[in-house]
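Tertiary structure, described
Chain residues, written in single-letter form:
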Amino acid sequence: MARWVLHADLDQFVAAVELLRRPELRGRPVVVGGTGDPSRRGVVSTASYEARRYGVRSGLPLRTAARRCPEAVFLPVDRAAYEAASDTVMATLRELCDVVEVIGWDEAFLAVDTGDPEAVARLIQRRVREATALDCTVGIGQNKLQAKLATAFGKPAGVFRLTDRTWPEVLGDRPTDVLWGIGPKTAKRLGELGIRTVAQLAAADPRELARRFGPTIGPWLVRLARGRDPSPVVAEPYRARSRGREITYQEDLAGWDRVRREVGALARQVADEVAADDRPVGRVVVKVRYAPFTTRTHGQRLVRPARRAEAIERAALAALDRFTERRPVRLLGVRAEFVPEEEAAGPAPGDAPMPASTDPSAPARTGPAVSASTGASASAGAPGPPASGDPPRS
Ligand SMILES: [Mg+2]
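Residues numbered from 1 in each chain as written. Predicted model: local features only at pLDDT ≥ 70, side-chain atom pairs only at ≥ 80, totals over all residues.

Let us look at the sheet that holds strand E2 (residues 30–32). Judged by pairing direction, the sheet is mixed, and its three strands sit side by side in the order E3-E2-E4 without closing on themselves. Edge positions in the sheet fall to strand E3 (46–47) and strand E4 (73–75), since each of these pairs with one other strand and no more. Alignment of E2 against E3, held across two bridges, turns out to be antiparallel. Directly across from Val31, in E3, lies its bridge partner Ala47. (Pairing = 2+ DSSP bridges. Helix = DSSP H or I, 4+ residues; strand = E, 2+ residues; numbered from the N terminus.)

This is the structure we're talking about:
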């Protein structure tokens, strides 16, 4: 018997839920996003595998998706349906295993003591299929990082195992941003140091990276590349790390006064959702997508963590002030990040940035990109570096 971490991840989740109630669309390219009208503005939430073959990806404008795949069927986002399916899946996983850590609406880690993790993985797939008629892929690893990365190799509906032993041969030649927690920005900075592959990062000198990325992040990046991740699977109820809202405007916003008003309104809406959580917000991030499609983000840390709408709005407007370009805007987003619980519990251990969540160019891989978005996105689940001297956050 050994302890294994399994990562169960639903295949093309949102599209799959839609196909269940529209079986006639099976086998056709299906794109879910916005209001489902590709002549209107909005972005792709999920594309079925058939549509992905045409280069349709999450985050792509619906119009571009329609151009790449004219025969695609476009459907509106139906968040309630996906949440209901997600609840059933997670309940099914909890029946099979005591330690289930939900990290997004379509993925979870399970800690399992077994001599045959593949058999457990197949059982999970069978039960999820029986309960929901949805397929999932299961990654197996000696830790969460390995299990999460293994899943990509098992897609769709497969099982794949990654271990300390197989890690170098499977991942060594891959670019660094394949690692969970390294986004395009960090990958670019590593590239400037001549570090492009996982093997190169694994062989890098942690002290050298500490000089470049700081004493916490630098060595953590090297550990990631070596497939090390000491964070335990935690069976606590899933709590979003942030709450956010985005709006794609059908007409570009031309005046900056209008942009400010809209950001203020979005911040107040986010504050309403934050109030329901009753956790203090430490930072507010504003996203601006200029026409035609250039996205920038800036964050503003609150002087003191707060829940009040005025404080969140003030921080959002301060973040907006950091945008120097005043070009027409097609999308605005405001995200309030909660103070991480270990920081809320004690004195803040410095201000270590989290590469995954500060990487604004990383597209959200789950959840509708338009309308409300919670922290249930891929970046929310990604591991951060450990706070100095403390156990790593999970
Ligand atoms: Mg998935």
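Next comes the rest of the account.
On to the UniProt feature "active site" (unreviewed entry) in the chain, then. Here, the residues flagged by UniProt with the feature "active site" (unreviewed entry) are Glu107. Relative to the elements of secondary structure, Glu107 occurs in strand E6 (residues 107–114). For Glu107, a count of 26 C-beta atoms within 10 Å corresponds to the buried category. Setting aside its immediate chain neighbours within four residues, Glu107 contacts His7, Ala8 and Asp9. (UniProt positions renumbered as here; feature names shortened; annotations may be inferred. Buried ≥ 20, exposed ≤ 12 C-beta atoms within 10 Å, placed from the backbone. Contact = placed C-beta atoms within 7 Å.)

Let's shift gears to the UniProt feature "site: Substrate discrimination" (unreviewed entry) in the chain. UniProt records the feature "site: Substrate discrimination" (unreviewed entry) for Val14 in the present numbering. The residue Val14 is located in helix H1 (residues 13–21) in this model. With residues near it in sequence (within four places) discarded, Val14 still touches Val32, Ser45, Thr46 and Tyr82.

With respect to topology, five strands assemble into an open sheet ordered E5-E6-E1-E7-E8, the strand pairing being mixed. Each having just a single partner strand, strand E5 (100–104) and strand E8 (159–161) make up the two edges of the open sheet. Within the sheet, the average angular offset between the axes of one strand and its neighbour, ignoring direction, is 20°. By the bridge criterion, three bridges tie strand E7 (residues 136–141) to E8 in an arrangement that is parallel. Bridge pairing links Gly139 to Phe160 in E8. On top of the sheet, helix H6 (residues 144–154) reaches strand E1 (2–10), E6, E7 and E8; it is set at about 140° to E7, its chief contact. (Axes fitted to C-alpha atoms, helices over the stretch in contact; angles between N-to-C directions.)

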